[in-house]
Amino acid sequence: MNVLIIGSGGREYSIGLALHKDPKVSKIYFAPGNGMSDTLGENISLDSYEALADFAKAKTIDLTIVGPEAPLVEGVVDIFKAEGLTIFGPSKDAARLEGSKIFMKNFLKKYHVPTAKYIETDDFAKASDFIDTLSAPMVVKADGLCAGKGVIIAQSRDEAKEAAKDMLSGESFGDAGKAIIVEEYLDGYELSVFAICDGKDYKVLPAAQDHKRLLDGDQGPNTGGMGAYAPTPLIDDLLYAKINERIIEPTLKGMQEEGMPYEGVLFIGIMVVDGEPKVLEYNVRFGDPECEILMPLIESSVFDLFYKAATKDLGTLDIRIADKYAVGVVLASKDYPYKSSVPAEIIVDEIVHEELKEKAHISWAGVTKEDGKLFATGGRVLVCVGVGESIREARDLAYMMTGQVHFAGKKFRKDIAYQALRDA
Ligand code: AMP
Ligand code: GLY
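Described in the following lines is the structure provided in the data block. Going along each chain's sequence as written, the residues are numbered from 1 onward. Each chain takes a letter, starting from A, and each ligand takes a number, starting from 1, following the order in which they are written. Given that the model is predicted, a residue must reach a pLDDT of at least 70 before its local features are reported, and side-chain atom pairs must reach 80 or more before they are shown or counted; all residues, however, enter totals for whole chains, interfaces and linings. As a rule here, side-chain values cover all heavy atoms of the structure and leave hydrogens and water aside.

Right, let's talk about the packing of aromatic side chains for a bit. The pairing test for Phe, Tyr and Trp rings, Trp by its six-membered ring, is centres within 6.5 Å, and the orientation test on the planes gives stacked under 30 degrees, edge-to-face over 60, and tilted for anything in between. Taken as a whole, this structure holds nine aromatic pairs when the rule is applied. Relative to Tyr 111, the ring of Phe 107 lies with its centre 4.9 Å away and its plane at 40°, an arrangement referred to as tilted. Just as Phe 107 is buried, Tyr 111 falls in that class too. When the ring of Phe 286 is compared with that of Phe 306, the centres are 6.2 Å apart and the planes differ by 90°; the resulting orientation is edge-to-face. Of this pair, Phe 286 sits in the loop between strand E17 (276-283) and helix H10 (290-294) while Phe 306 is found in helix H11 (residues 302-310), placing the two residues 20 residues apart along the sequence. With respect to class, Phe 286 is no different from Phe 306; both count as buried. A network of ring pairs unites the aromatic residues Phe 88, Phe 194, Phe 267, Phe 286 and Phe 306 as a single cluster. As a reminder, the over-ring test applies to NZ of lysine and CZ of arginine, requiring each to be within 6 Å of the ring centre and within 35 degrees of the ring normal. Its guanidinium or amino end placed over the ring of Phe 103, Arg 96 lies 4.3 Å from that ring's centre, counting from NZ or CZ. Think of it in three bands: residues with accessible area under 20% of the maximum for their type are buried, residues over 50% are exposed, and the middle band is partly exposed, with areas taken using a 1.4 Å probe on protein chains only. Runs of H or I in DSSP of at least four residues are treated as helices and runs of E of at least two as strands, each being numbered from the N terminus.

We now examine the site of ligand 2. With respect to spatial proximity, the complete set of residues near ligand 2 consists of Asp 210, Gly 224, Phe 267, Arg 285, Gly 287, Asp 288, Pro 289 and Glu 290. Measuring from a nitrogen atom of ligand 2, one finds a backbone N or O atom of Gly 224 at 2.9 Å. Between an oxygen atom of ligand 2 and a side-chain N or O atom of Arg 285, the distance comes to 2.9 Å. The Shrake-Rupley method, run with a 1.4 Å probe, gives the accessible areas here. Residue values count only the displayed protein chains as cover. Burial of ligand 2 by the protein amounts to 89% of the accessible area it has alone, namely 200 Å². In this count, Pro and Cys sit with the nonpolar residues alongside Ala, Val, Leu, Ile, Met, Phe, Trp and Tyr, while Asp, Glu, Lys and Arg are called charged and the others, Gly among them, polar. Taken together, the residues that form the shell around ligand 2 break down as two nonpolar, two polar and four charged. For each residue, the test is whether any non-hydrogen atom lies within 4 Å of the molecule or strand; if one does, the residue is near. Polar contacts here mean pairs of N or O atoms no more than 3.5 Å apart (in protein, one a potential hydrogen donor and the other a potential acceptor; neighbouring residues in sequence count only if both atoms are side-chain atoms).

Taking burial as the measure, the 10 residues of strand E10 (residues 189-198) include eight buried ones, the bulk of the element. A pair of strands counts as paired when DSSP detects no fewer than two bridges linking them. Here 10 bridges tie E10 to strand E16 (residues 263-273), and the two strands are oriented antiparallel to one another. What sits directly across from Asp 198, in E16, is Glu 263. As paired elements, E10 and strand E11 (residues 202-204) share three bridges and run antiparallel to each other. Looking at the pairing, Ala 195 lines up with Val 204 of E11. Counted along the chain from E10 to the antiparallel partner E11, the turn is three residues long, and its residue Gly 199 has a positive phi close to 105°.

Now for the side chain of Glu 292. By secondary structure assignment, the location of Glu 292 is in helix H10. One buried charged residue, Glu 292, remains without a salt bridge, the closest side chain of opposite sign being Arg 380 at 6.4 Å. With sequence-adjacent residues up to four places away left out, Glu 292 is seen in contact with Gly 10, Arg 11, Ser 14, Gly 287, Ser 363, Val 383 and Val 385. His is not counted here, nor are the chain ends, while Lys and Arg score as positive and Asp and Glu score as negative. In the sections that follow, a salt bridge refers to a side-chain nitrogen of Lys or Arg positioned within 4 Å of a carboxyl oxygen of Asp or Glu. Residue contacts are counted whenever heavy atoms from the two residues lie within 4.5 Å of one another.

Regular strands have side chains that alternate between both faces of the sheet. In the sheet, strand E13 (residues 213-215) pairs with strand E14 (residues 219-222) via two bridges, with the strands oriented antiparallel. Bridge pairing links Leu 215 to Gln 219 in E14. Hairpin connection between E13 and E14: a loop of three residues separates the two successive antiparallel strands, and Gly 217 in this loop has a positive phi of roughly 70°.

With that settled, the discussion passes to the sheet that holds strand E22 (residues 367-370). Across the sheet, three strands lie side by side as E19-E23-E22; this open sheet has antiparallel pairing. Taken across any chain shown, the strands that pair with only one partner, and hence form the sheet edges, are strand E19 (344-345) and E22. Relative to strand E23 (residues 373-376), E22 runs antiparallel, the two being bridged by four bridges. If you follow Lys 369 over to E23, its bridge partner there is Leu 374.

Scope: geometric values only; no functional claims are made or implied.
Have a look at this one:
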């Protein structure tokens with residue numbers, strides 16, 4: 001089978017790595033890929049979704065997988081499907097679950113999916129009145145995509161009003177903030193749950209925890225994610241059952257009723273408040289770095305999982321998940337997440353330690369190859385992944401791997417998986 005993967009990050013690399021090991025897959029193309037994805041397949045560079053669809057036809061691509069949200073929100077799935085191509089991901093309409101927070105919140109309300117109490121508005125006076133009914137902290141969110149920056153946790157009513165005013169005036173996020181959500185603050189712990197969906201059926205992957213803040217102890221600015229681990233012990237069968245019954249199933253049913261059955265991966269950001277799961281947000285793609293740690297935990301064919309989801313056949317799939325743990329530690333460049341850094345050459349020591357060779361690997365992200373040398377050119381450069389019998393073993397392997405990789409300005413968190421290990 002021939003596969004095309006759209007995207008260039010560590011997420012797409014990790015999907016490629018899993019497919020590379022799958023005997024069903026013969027050739028992988030990345031569009032555009034990164035400086036290491038060409039070791040798994042071929043990087044191609046095309047400048048429109050139409051051109052990509054033409055390429056997929058010409059190369060008899062059996063399955064296209066879309067990594068990032070932007071192509072989904074822009075309708076790449078609709079373009080491919082109109083050409084009779086098989087593609088994994090939601091339609092442009094369904095991608096609004098991530099593309100518009102107002103669409104998502106109104107959908108959750110309509111289908112009684114638990115979430116924070118909120119209002120949506122484009123009117124400052126209304127936002128201000130609602131803020132007066134809440135006690136601090138409270139949350140103000142821009143409606144549209146803001147590269148993960150459109151959420152303000154305000155510590156006072158005045159701060160919330162200021163954030164609302166700046167968003168509505170277009171000052172903070174341009175058009176993406178011209179309509180907003182104001183909502184109550186949920187106090188609990190966060191989980192990332194991923195459901196692979198075919199419109200009707202779904203398969204839930206092991207729940208993960210991300211580490212969004214730059215520094216140890218969840219300090220410093222928000223990032224795309226500095227590390228993740230799965231499965232997390234912060235979830236049990238009862239909580240999985242609540243998530244399935246109260247969140248995933250009504251969402252899939254609701255999307256069918258809305259005439260936009262949800263196909264692809266549904267990434268549910270959940271806050272667990274007193275044992276009850278509530279939806280913080282939906283994303284219509286895999287998390288990064290969550291994808292990098294989930295792919296190695298799937299024992300059954302990863303190709304089948306994506307292919308059956310894309311062909312509405314998940315009901316016949318028996319997914320097997322390893323009885324193991326995975327931990328991923330992101331190595332970021334010097335000035336991440338503030339600005340781009342000067343490219344730095346990457347040196348990886350030869351790995352002689354047998355266990356490390358067997359149980360750990362690197363998922364490459366912001367890297368470029370030039371004259372046979374590898375350079376760190378992105379904010380998040382790579383993820384060191386360890387897979388072990390316990391979270392501790394997986395964590396130790398991932399950290400051992402961080403010691404094998406060198407580049408000027410390399411930085412990473414030292415406490416990935418601390419929430420799972422602090423009581424152990
Ligand atoms: P979002 O992009 O909506 O997931 O928000 C980004 C982050 O802000 C989440 O991962 C949470 O840590 C935090 N957050 C968002 N909404 C809330 C809320 N209602 N209560 C508490 N924290 C929130
Ligand atoms: N790691 C969180 C995200 O991909 O949104």
